[in-house]
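# A closer look at the structure
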Amino acid sequence: MRIAVLGSLNMDLVLEVERLPRPGETVLGRNFTRYPGGKGANQAIAAARLGAEVRLFGHVGADSYGEELLSVTQAAGVDVGGVTRHPEVPTGVALILVAEGGQNQIAYAPGANWQLGREDVERWLPQIREADVLLLQLEVPLEPLAILLQSLPPEKPLVILDPAPAQDLSPLPLARVDYLVPNREEVLRLAGGEVTELSGAARLLLAREIRHLVIKADQEGAYLAEPGGMTHFPAYKVRAVDTTAAGDAFNAALAVALAQGKGPYEAIGYANAAAALTVTKRGASSSLPTREEVQEFLRHPYRHSG
Ligand code: RIB
């Protein structure tokens, strides 16, 4: 099964804190660490660890962060031939605070990720068209993504869009997106910010041509929203230390399962397990589970609660 990922590569600068600060407040930090991350790279690495043949398309700077990201991503088995190095633009960086219990706050400087343009999409299109599934996120400019979606044949690849960070999706031809996979905050924002409960927000989005809406709801697990109602997939109980990249693991696992021909119900269950395992480890790409780890977890899910 072939998966293409077009998206960001970031170096994550991570500070552990007891609790997240309020606006204007300073809190004392503990460990400070650097992890390879970025939603594009994370989803590519996650899909490769889950057994897919993966190609990543994106941009880094010609600097040490870019080199490290490329070597870690390649070492995970991802084809990084589609990642361009820029001599004059720095690699993207994310500043992440992780509180006790695993909750995080992220601010992101796109750097080279923002170099994505129409000419990239035209160059990469033949390879992207060969994939069974295409994974997209929004840490890159929207206009080239819109061009890409318009240029894809209607039947293949299946497109999964993670609308993070949340923004106005009206420039995108959503009719060519097969699965929209926001988290709780994103789904409320995408619905206009006035609705406060998930089912109301989901109804509004489903009215906008969205075929499959899957909502990642942290400790609650996930929901599949369909015109007839919402199906709940409860989260596995695990001891969370860092929720960073759990959403990326979820999307990648969903992609792998759908590429294997599983239906949405089975695929969401599998994605829930991959996300649960991710929150038990620190960092972004460093926390993503392998196929064997997910299989073992599904056999004995209670060993990880604690
Ligand atoms: O989804 C997690 C990722 O979001 C982090 O790795 C960070 O780079 C941010 O972009």
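Let us look at the sheet that holds strand E4 (residues 53–61). As summarised here, the arrangement of the nine strands in space is E5-E4-E1-E8-E9-E10-E11-E12-E13, forming an open sheet in which the pairing is mixed. With one partner strand each, in any of the chains shown, strand E5 (79–86) and strand E13 (229–233) form the two edges of the open sheet. In the packing of helix H1 (residues 39–49) onto the sheet, contacts are made with strand E1 (2–6), E4, strand E8 (133–137) and strand E9 (158–162), and the angle to E4 comes to roughly 155 degrees. Taken strand by strand, helix H7 (residues 246–259) contacts E1, E8, E9, strand E10 (179–180), strand E11 (212–216) and strand E12 (222–226), and its axis lies near 170 degrees from that of E9.

Another aspect to go through is the environment of Ser 199. Mapped onto the elements, Ser 199 comes out in helix H6 (residues 198–206). Residue Ser 199 is classed as partly exposed on the basis of its relative accessible area, which comes to 27%. As for Ser 199 and Tyr 223, which are separated by 24 residues in sequence, their C-alpha atoms are 9.5 Å apart. A polar atom in the side chain of Ser 199 sits 2.6 Å from the side chain of Glu 197.

As a further point, take the sheet that holds strand E2 (residues 10–17). Remark on secondary structure: sheet strands pair via backbone hydrogen bonds, oriented parallel or antiparallel. Taken in spatial order, the four strands line up as E3-E2-E6-E7 in an open sheet, and their pairing is mixed. This sheet does not close on itself; its edge strands, each paired only once, are strand E3 (29–37) and strand E7 (104–109). In this sheet, adjacent strand axes meet at a mean angle of 20 degrees when their direction is disregarded. Contacts between helix H2 (residues 64–75) and the sheet are confined to E2, E3 and strand E6 (92–99), with E3 contributing the most and set at about 65 degrees to the helix.

Okay, the site of the ligand next. Residues in contact with the ligand, as listed here, are Asn 10, Asp 12, Gly 37, Gly 38, Lys 39, Asn 42, Ala 94, Ile 106, Glu 139, Ala 245, Asp 248 and Ala 284. Asp 248 places a polar side-chain atom, nitrogen or oxygen, 2.7 Å from an oxygen atom of the ligand. When the free accessible area of the ligand is taken as 280 Å², the share hidden by the protein chains comes to 96%. Using a 2 Å cut-off from the grid points, one finds that the ligand occupies the largest pocket.

Turning to the pattern of salt bridges, a few remarks are in order. Following the criterion strictly, the structure yields 18 salt bridges and no others. The residue Glu 68 makes a salt bridge to Arg 34 at a minimum N-O spacing of 2.4 Å. In this pair, Glu 68 is assigned in helix H2 and Arg 34 in strand E3, connecting sequence segments 34 residues apart. You can call Glu 68 partly exposed: its relative accessible area is 24%. On the accessibility criterion, Arg 34 (41% relative accessible area) is partly exposed.

Working note: α-helix, 3.6 residues per turn, so residues spaced by three or four point in the same direction. In terms of burial, helix H4 (residues 142–151) is largely enclosed, as seven of its ten residues are buried. Every buried residue of H4 is accounted for by Leu 142, Pro 144, Leu 145, Ala 146, Ile 147, Leu 148 and Leu 149. Contact partners of the buried residues in H4: E1, helix H3 (118–130), E8 and E9.

Calculation criteria
Residues numbered from 1 in each chain as written. Predicted model: local features only at pLDDT ≥ 70, side-chain atom pairs only at ≥ 80, totals over all residues. Heavy atoms only, no water. Pairing = 2+ DSSP bridges. Helix = DSSP H or I, 4+ residues; strand = E, 2+ residues; numbered from the N terminus. Contact = heavy atoms within 4.5 Å. Axes fitted to C-alpha atoms, helices over the stretch in contact; angles between N-to-C directions. Buried < 20%, exposed > 50% of the residue type's maximum accessible area, 1.4 Å probe, protein only. Polar contact = N/O pair within 3.5 Å; in protein donor to acceptor, adjacent residues only side chain to side chain. Near = heavy atom within 4 Å. Areas by Shrake-Rupley, 256 points an atom, 1.4 Å probe, with all protein chains shown as cover. 1 Å grid on protein atoms, 1.4 Å probe; cavity = no way out; pocket = protein on both sides within 12 Å on 5 of 7 lines; lining within 4 Å. Sits in = over half its atoms within 2 Å of the grid points. Salt bridge = Lys/Arg side-chain N within 4 Å of Asp/Glu carboxyl O.

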